[in-house]
Amino acid sequence: MQKRVILYVLGRLILAEAVVLLVPCGIAIYNQEHDAVSFLSAAMLAGVAGHAMLYHGNVRVESLSLREGIAITGLGWIMATALGMLPYVSGGYLGLLDGLFESISGFTGTGATVFPTLQGVPRSILFWRMMTHWFGGLGIIVIFIAILPQTGASAVYMYNAEGAGPTDERVLPRLSDMTKALFKLYLVFTLLAFLVYVLCGLRPFEALAHAMSTIGTGGFSTYDDNAMHFRNAWLEGWMTFFMILAGGNFALYYRVWHKGPRVLLHNTEFKAYLGIIGSACLLITLNLIFSQNLHPAEALRYSSFQVGSISTTGFVSADFEQWPPFAKGVLLLLMLGGGCAGSTASGMKISRLVMLAKNVWSIVRQKNSPRMVAAVRMNGVKVDEGIVERACQFFFLYIMFIMLWTLLLTADGISTFDALGLSVTTMGNIGPAFGIAGATQTYAGLSDFTKSVLCFSMLFGRLEILTLLVMCRPSFWRATTRW
Amino acid sequence: MELFWRMMGRMTQVYTASLGLPLLAACFFREWPSAGALFVTLLVSAFVARGFMQRSLLSDRRGQMSTREGAFLIVAIWPVLGVLGMLPYLLSGIARDPAEAFFTSVSALTTTGMSGMMLPRVVWPNAMILWHGVMSWLGGLGFVVILVTVLPQVSGCFGLTLSARQMLFFSPVWSKMRESLEQGVRVYISMTVAALAAFLLAGLTPWRALFMALVTISSGGDIDTFALALGEGLWPEMPELLTGTGETAITLPEPSGALSLAAFCVMLFGSVNFLLCWKAWTRRSLRLLVTDTELRVFIIVIVVATALLTVTLSAEEVYGPYGSGQALSAAFFQSVSFLSTSGLITAPVWLWTDFERYVLFLLVFVGGCIGSATGGLKIMRLVVLARLADSGLKSALHPRAVTAVKLDGLPIQEKIAGRILAFFFIYVTAFMLGAMVLALAMPNLLDALRLSAACLTSTGAVAVLGLVSPAELPGWAQLFCTLLMTAGRVEVFSLLVVIGIVIRTAREHW
């Protein structure tokens, strides 16, 4: 374990965040809000800490290994979220735990808010929430690698540790090139969403805020009643489009950019993703039409928005608390599934689920024709058995953690179904759940114990469990070489 | 398909023979409508058995069972016996429609134990109650038979071979199959006899002791099993009567200490690996049992669950005077009951807090040891899954390390490990999709999840944690439940294998 390198890289990360913190500071100064002081002091604190760490750190060490990569990513996320809470706390809006919760919820793209109401909250704070979404969405580490050149091989490990999905496929051979490409796409999508939202009639600040939240698949809004506030069918349609877009694989979009849209047809995961969203949408629409006597067009409008949102982002345009149990069940499954690998959405990732289903089917086929060599194929290419096995293990761990969080939450007195919903939604970094944290509720009323459990849940979900779990092993921190 | 028909015929013959027992009871208790119904069923099933045997003679003899045959056998046996089993209910007139009769019959066969009928079980004729017990026992027997003969070949059994190492030679050859079959059946029967003795010692009358033994050893109990055994007044139709206004006018029948203890022990032994018991018995070595990892984990799970429940129950003040001792015994009994997927209860679990009910809900997914008639995922597989996850963490840290997952000191083959992982996925998926479909007929999703879990893990009592009685479900939902129960009993995979075969043949023919 090369502790000094970790210190060095983390120092740079924190310095970068200090710079980022100056943006809302600028907004605060422009709007003449007193929060400028708290942003500035947070930035200064970050700057000082970063410099101190750079001073004690050392980059001139060869042979960076997997451990450093994992440690940097894990600790980087923890430090970034801890810094991110400073503006909330020092501005006096939230307490320490609430601030941390809001920050983690922002960076992980969950969008679960503990602000009881957003009325009267200054714009700079609102904007900072959106910025946490945006930076956490593509990944702090990805953006960090894209903007600041990294030395050493640990960048790959850092990248992989940040929830990169089941396979480590690259569209560009060099990691820095690839992260740059992803970042550019990310910027373009955000700008596009911003323009479309403006055209749909949002004011520029709102449009930018929602664009960042959408493309980062976060779910924070500048209004208490979220997307319900606008009552604008066009806007909802476009938001649905962008949410679904952001739930797709960004590396795939890069390929589409270069090779044309035919690439999409050959991508198993993307087809499955659209298929799942389409069928979920259809099922919920039918369910709503028959059980609530909604007009088909209205049912489709609400179901498509909620389906697109719940599988990725967590905006709410209808109170799905009132929906029939079947529709809620579909939403719950969508929360589990999440978006595609390499997207800004979390959850189990569609590619894993496709792999698992195909794996089961290949075993069945092999039983029927014992001499057949059945393999799992994705995009027409055979998938390595180790990858399938890791996907299976991930599924197991994911379910186990949901069960564990639910157990802890029910122990805290939350009713079983609400607890299950909360665990699934925070693990999948979605945002709204059912019941006490339902579509029209915030997380403000939950107890401290529940909030801390959910903080862990969000981090575990965003970093795909393994990173944090590995860091919990004592052998991780022991030095490998003693001389 | 010779062996398929022969096995089906044999099973139906056993079924026919066992119909004699409730028939005897019907005559004994002078319940003539039931006696008539049972007699007609006896004739029908004897006829069906003869048909199966004749089919087996017509097909060419091979003495070896193909996967195809095995898969069909495993899946077909439940609906066929279920249809035969629902006849007495229908003919004697206690069932309103075929759906609820079929539901109740399959529920008994798969050792789920739920009753789908509007008529509460306590007012059923004695012969019908006994028939329910007999079916449950036969279901357990059928499961054990399948487990040691066909299932290893069809679905790979997902780890049974791990536990029964060196003692069972699984083979598709009939003569070999018979050997292991005899072992399994012998253990099952001797355990039933022991259970009968235990209940007799606990002071039950012979009929009731027999009923309890049949139901408990096959883990097919339900909330009203104790009420049936004690024959106390009217059992509440469904617990919502209690939760509604908070009036607790209707109390649970309180089984005596000896009876609870007997039931407790039988459930405990019913969820231990039968094959391991056989092995320990033949080798006269207790060490085999003591050193078995699965058994140890089983006990740890019980202890942990009991501890959790005891702590919260004794802190409870709402539901009545639970002293620490009472809380401990209630927690102990309920955790064993749910872990063994039997579902006997001695406490009003539907009044417990969400946390306690959730613990019970989780326990049914864990299930008993592999190689027993319990449902759920089974301890063995969870142990392997946990160790695999741990080794996955290790290899995430040391990508080049060669890690081996071991159980009882022996490494687990990668293929088996992969199968167990796939099994977990398919089990969870079946559970969730089942709940989704049931949600269309239920007022809320949690009850749908509970009912789905009840069907899949064959623990009827889980459904009781909610407010909806299976009797209130529409007919299609009850039929869907029977599908889920069957899927749970054949460990989902076999069902998929059959579907795979059907798809393939359909493709070949069109």
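A short tour of the structure in this document, coming up. (Residues numbered from 1 in each chain as written. Chains lettered and ligands numbered in written order. Predicted model: local features only at pLDDT ≥ 70, side-chain atom pairs only at ≥ 80, totals over all residues. Heavy atoms only, no water.)

### Notes on the pattern of salt bridges
The condition is simple: Any carboxyl oxygen of Asp or Glu that lies within 4 Å of a side-chain nitrogen of Lys or Arg is treated as forming a salt bridge with it. Only DSSP runs of H or I covering at least 4 residues are called helices, and only runs of E covering at least 2 are called strands; the numbering of each starts at the N terminus. Accessible area is worked out with a 1.4 Å probe on protein chains only. A residue is then buried under 20% of its type maximum, exposed over 50%, and partly exposed in between.
The tally for this structure, following the rule as stated, stands at 15 salt bridges over all chains. For Arg 301 of chain A, the salt bridge identified is with Glu 236 of chain A, shortest N-O distance 2.9 Å. In this pair, Arg 301 of chain A sits in helix α15 (residues 296-313) while Glu 236 of chain A sits in helix α11 (residues 233-246), placing the two residues 65 residues apart along the sequence. Since its relative accessible area comes to 27%, Arg 301 of chain A is described here as partly exposed. The class for Glu 236 of chain A is buried, based on a relative accessible area of 4%. Ionic pairing is found between Arg 504 of chain B and Glu 508 of chain B, a salt bridge with its closest N-O pair at 3.9 Å. In this pair, Arg 504 of chain B and Glu 508 of chain B are both assigned in helix α23 (residues 493-509), four residues apart and thus about one turn of the helix distant. In the salt-bridge network here, residues are joined through shared partners; they are Lys 349, Arg 352 and Glu 464 of chain A.

### Some remarks on the nonpolar core
Basically, it comes down to this: We define a nonpolar core as any set of buried Ala, Val, Leu, Ile, Met, Phe, Trp, Tyr and Cys residues linked to one another through side-chain atoms lying within 4.5 Å. The contact definition used throughout considers only heavy atoms, calling two residues in contact when any of these lie within 4.5 Å.
Judged by nonpolar contacts, the single largest core of 358 residues is most densely connected at Tyr 443 of chain A together with Tyr 89 and Phe 199 of chain B. The element contributing the most residues to this core is helix α19 (residues 414-439) of chain B, with 18 residues. If we skip the residues at most four places from it in the chain, Phe 199 of chain B touches Leu 204, Ala 209, Met 212, Ala 213, Thr 216, Leu 259, Ala 262, Ala 263 and Val 266 of chain B.

### Some remarks on a nonpolar patch on the surface
Quick note on the threshold: Residues qualify for a patch when their relative accessible area is over 30% and they have no salt bridge, like charges being joined within 9 Å and the nonpolar side chains of Val, Leu, Ile, Met, Phe, Trp and Tyr within 5 Å. Note on areas: Shrake-Rupley, 1.4 Å probe, and residue coverage restricted to the protein chains presented here.
On the surface, Leu 22, Leu 40 and Met 44 of chain A cluster together into a nonpolar patch covering about 290 Å² of accessible area. Take Leu 40 of chain A: its relative accessible area is 40%, and that puts it in the partly exposed class.

### So, the packing of aromatic side chains
We count it as follows: Only Phe, Tyr and Trp rings take part, Trp by its six-membered ring, and two of them pair if their centres are within 6.5 Å. Stacked means planes under 30 degrees apart, edge-to-face means over 60, and tilted covers everything else. A positively charged side chain is recorded as over a ring if its NZ (Lys) or CZ (Arg) lies within 6 Å of the ring centre. The angle to the ring normal must also be within 35 degrees.
Under the counting rule described, the total for this entry stands at 43 aromatic pairs over all chains. Seen from their ring centres, Phe 423 of chain B and Tyr 427 of chain B are 5.5 Å apart, and the 40° between their planes marks the pair as tilted. Taken together, the residues span about one helical turn, with Phe 423 of chain B and Tyr 427 of chain B both in helix α19 at a distance of four residues. Judged by relative accessible area, Phe 423 of chain B falls into the buried class, the value being 1%. A connected cluster of aromatic rings, assembled from ring pairs, spans Trp 134, Phe 135, Phe 183, Tyr 186, Phe 189, Phe 250, Tyr 253, Phe 270 and Tyr 273 of chain A. Across from the ring centre of Phe 220 of chain A, 4.0 Å away, lies the NZ or CZ of Arg 129 of chain A, which sits over that ring. Above the ring of Phe 394 of chain A, the side-chain terminus of Arg 352 of chain A is found at 3.8 Å from the ring centroid.

### Focus on the interface of chain A and chain B
The condition that has to hold: Buried area: the accessible surface (1.4 Å probe) lost by two parts on joining, summed over both. Under the rule applied, a polar contact is a pair of N or O atoms within 3.5 Å (in protein, one hydrogen donor and one hydrogen acceptor; residues adjacent in sequence only if both atoms are side-chain atoms). The classification used treats Ala, Val, Leu, Ile, Met, Phe, Trp, Tyr, Cys and Pro as nonpolar, Asp, Glu, Lys and Arg as charged, and all other residues, Gly among them, as polar.
Counting from both sides, the interface comprises 48 residues of chain A and, opposite them, 49 residues of chain B. Taking both partners together, chain A and chain B bury about 4300 Å²; carbon and sulfur atoms supply 78% of that area. When the area that chain A buries against chain B is broken down by residue, the three leading residues are Lys 367, Phe 396 and Arg 473 of chain A, summing to 16%. Linking chain A with chain B are one salt bridge. Between Arg 473 of chain A and Asp 390 of chain B there is a salt bridge, with its nearest N and O atoms 2.9 Å apart. Applying the counting rule to chain A against chain B returns four residue pairs in polar contact (both at pLDDT 80 or more). For the side of chain A that touches chain B, the leading source of residues is helix α18 (residues 385-411) of chain A, giving 13 residues. Of the residues in the side of chain A that touches chain B, the class split is 31 nonpolar, 12 polar and five charged.

### So, α15 of chain A
Residue and element names in this part refer to chain A. So the rule is basically this: A helix is expected to span 1.5 Å for every residue after the first.
A rise of 1.5 Å per residue sets the reference length of α15, with its 18 residues, at 26 Å; its end C-alpha atoms lie 24 Å apart and thus fit the reference within 8%. Along α15, the positions that sit buried rather than exposed are Ala 299, Tyr 302, Ser 303, Phe 305, Gln 306, Val 307, Gly 308, Ser 309, Ile 310, Ser 311, Thr 312 and Thr 313. Where α15 ends, the next residue or the one after it, Gly 314, has phi of about 110°, a positive value.

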